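# Notes for the structure review
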Amino acid sequence: MNQNMERDAAAGNAITPTLFDIDDIVVDPETAASTAFAAPGATLASLAHELATAADGATRRALMDAALARAGFDSLCYVRMLRIGEQVTQAAWLESYSPTGWASRYCRENFFAVDPRMATACHVEWPFTWDMKRLAEAAATTRNAAATRRFADAALDAGLRSGVCLGIVTANRFERCVVALSGAQPADAWKDRNAGTAIGAAYALAVGVHTLVDAYASRLLPRYHANDLSEIQRAVLRDIGHGKNDREIAAALTLAPRCVAQHVRELQARYHARNRTQLAYVAGGILNGQASDAPTRQT
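Notes on the structure in this doc start here. Per chain, the residues get numbers from 1 upward, laid out in the order the sequence is written. Since the coordinates come from a predicted model, pLDDT governs what is reported: local features require at least 70, and pairs of side-chain atoms require 80 or more to be given and counted, while whole-chain, interface and lining totals use all residues. The basis for every side-chain value is the complete set of non-hydrogen atoms in the structure, without hydrogens or water.

## What to know about the overall build of the protein chain
A tally of helices and strands in the protein chain yields 13 helices and six strands. The buried share of the protein chain, reckoned over its 299 residues, is 49%. Relative to all contacts within the protein chain whose residues are 6 or more apart in sequence, the contacts with residues 24 or more apart total 71%. The Shrake-Rupley method, run with a 1.4 Å probe, gives the accessible areas here. Residue values count only the displayed protein chains as cover. As presented, the protein chain carries roughly 14100 Å² of accessible surface, and 51% of it is formed by carbon and sulfur atoms. Numbering goes from the N terminus for both helices and strands, where a helix is a DSSP run of H or I of at least four residues and a strand is a run of E of at least two. Burial classes: relative accessible area under 20% of the type maximum marks a residue as buried, over 50% as exposed, and values in between as partly exposed (1.4 Å probe, protein chains only). The contact rule is simple, with two residues in contact once any of their heavy atoms fall within 4.5 Å.

Written out as structure tokens, the structure reads:
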């Protein structure tokens, strides 16, 4: 865990999530019949087809409950995070299959900063198993041991003892999607069944849910871009990405330092960047090293 994440966890920087429900998803018949949702019998995506063509919300919930039970899981947490570097700034959470109140508490106490599953799922593209007690024990020697212990205790209280977690790529370059399937049984219980089969089932569940909700969920978090920035704003953002301070930017653009400082504040607010380092990260992501055609003088 890096120092920024440790500070965020210690400070308890809360995130107000956008919560949505499986019943919020509306799939028209033509879309459900398209190749986006596999036809019945397709091994991996048949759940997506069944969910998309369900007659109503109750049927859809029953399908998911049955699928989770067959796979040996009690809950499914589907969350999409807007991240600047390693810092989560906004989140959208499918609340339907999470333990009651877990999504709100997770975001309110910013468990993103201390949940090691999140860091792993944001950097790898394959499912992995986890055990909450072991995660807490492994983190006991870190600087944020107390915060990690608080997270683990809260998860265990919510019945999240072990399971499978995976990350899913989205079209939003600053966004990460993570799905965690959980059960109340200890990880040792996996030895009594085929772990590979359980991981495959977890992957199918995660992909099925993601296929259903992706189009809807993709609109819940902003996509950062520079399309409507003024030329001078683009130039300031470019120079921040190059590591220049306000005085250097002011000299390069023939501006007063206070004007540059104002632009920086406005850009930080626009991109939800808490500091200059995060703003530089955003600049690198949205400008892609393009040379700015900003003027050298602003009147």
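## Notes on the pattern of salt bridges
The working definition used for a salt bridge is a side-chain nitrogen of Lys or Arg within 4 Å of a carboxyl oxygen of Asp or Glu. One pass over the full model with this rule turns up 13 salt bridges. A salt bridge links E175 to R80; its shortest N-O distance comes to 2.9 Å. One end of the pair, E175, is in strand β6 (residues 175-183); the other, R80, is in strand β2 (residues 75-84), with 95 residues separating them in the sequence. Through salt bridges with shared partners, one network takes in D21, D23 and R61.

## Here we look at helix α8 (residues 145-157)
It helps to recall that an α-helix has 3.6 residues per turn; residues three or four apart then point in one direction. The first and last C-alpha atoms of α8 sit 18 Å apart over 13 residues, in line with the 18 Å expected at 1.5 Å per residue. When α8 is considered as a whole, its buried residues turn out to be A147, T148, F151, A152, A154 and A155. Down the axis of α8, the smallest arc covering the buried residues is 160°, so these residues share one side. Facing away from the buried side of α8, by more than 90 degrees, are the exposed residues A146 and D157. Phi for G159, located one or two positions after α8, is positive at around 85°. The length a helix should cover is 1.5 Å for every residue beyond the first. Here, the arc refers to the directions that run from the helix axis to the C-beta atoms.

## With respect to the nonpolar core
Counting 56 residues, the largest nonpolar core has L76, L205 and Y271 as its most contacted members. Per-element accounting of this core gives the leading share, seven residues, to helix α9 (residues 195-217). Apart from the residues lying within four places of it in its own chain, the contact partners of Y271 are I84, Y224, H225, A226, L229, L237, L279, V282 and I286. Grouped together as the second largest cluster of nonpolar side chains are 31 residues, Y106, W130, A154 and L160 included. What we call a nonpolar core is a set of buried Ala, Val, Leu, Ile, Met, Phe, Trp, Tyr and Cys residues that are connected through their side-chain atoms within 4.5 Å.

## Section: the packing of helix α10 (residues 231-241) against helix α13 (residues 276-287)
Orientation of α10 relative to α13, taken along the N-to-C sense of each, is 110°, at an axis distance of 8 Å. Between α10 and α13, the angle falls in the class roughly perpendicular. Touching R234, L237, R238, I240 and G241 of α10 are R276, L279, A280, A283, I286 and L287, all from α13. Axes, fitted as lines to C-alpha atoms, cover a helix only where it is in contact. Angles between the N-to-C directions of the axes lie from 0 to 180 degrees. Should an angle fall under 35 degrees it is called roughly parallel, over 145 degrees roughly antiparallel, and 65 to 115 degrees roughly perpendicular, with every other angle called oblique.

## Quick look at the pairing of β2
On a regular strand, one side chain projects to one face of the sheet and the next to the other, so that they alternate. Among the ten residues in β2, ten count as buried, and that is most of the element. The side-chain alternation of β2 yields two buried faces, one formed by S75, C77, V79, M81 and R83 and the other by L76, Y78, R80, L82 and I84. Strands were regarded as paired on the criterion that DSSP finds at least two bridges between them. Strand direction decides the pairing type here: β2 and β6, joined by eight bridges, are antiparallel. What sits directly across from M81, in β6, is R176. Pairing between β2 and strand β3 (residues 87-94): seven bridges, direction antiparallel. Counted as the bridge partner of L82 is Q90 from β3. Counted along the chain from β2 to the antiparallel partner β3, the turn is two residues long, and its residue G85 has a positive phi close to 65°.

## So, the packing of aromatic side chains
A pair of Phe, Tyr and Trp rings is counted when the ring centres sit within 6.5 Å of each other, with Trp represented by its six-membered ring. The angle between the planes then sorts it: under 30 degrees is stacked, over 60 is edge-to-face, the rest tilted. Within this structure, the stated rule accounts for twelve aromatic pairs. On the basis of an interplanar angle of 85° and a centroid distance of 5.7 Å, the ring pair of Y106 and F111 is categorised as edge-to-face. Ring pairs connect the aromatic residues W93, W102, Y106, F111, F112 and F151, which therefore count as one cluster. Above the plane of the ring of W130 lies R117, whose end atom (NZ or CZ) is 4.5 Å from the centre. Counted as over-ring charges are cases with an Arg CZ or a Lys NZ within 6 Å of the ring centre that also lie within 35 degrees of the ring normal.

## Some details on the packing of α10 against helix α11 (residues 246-253)
Where α10 contacts α11, the axes come no closer than 10 Å and their chain directions differ by 135°. As far as their axial angle goes, α11 and α10 are oblique. The two elements α10 and α11 cross, and the hand of that crossing is right-handed. For the pair α10 and α11, contact is made by I232, A235, V236, R238, D239 and I240 and by I249, A252 and L253, respectively. Each helix crossing is assigned a hand: it is left-handed if the near helix lies turned anticlockwise from the far helix by less than a right angle, otherwise right-handed if that turn is clockwise.

## A look at the sheet that holds strand β4 (residues 128-131)
The strand order across the open sheet built from six strands is β1-β3-β2-β6-β5-β4, with neighbouring strands paired in mixed fashion. For this open sheet the edge positions go to β1 (18-20) and β4, each flanked by a neighbour on one side alone. Between one strand and the next, the sheet's axes are offset by a mean angle of 25°, whatever the strand orientation. As paired elements, β1 and β3 share three bridges and run parallel to each other. In the strand pairing of β3, L19 is matched with W93.

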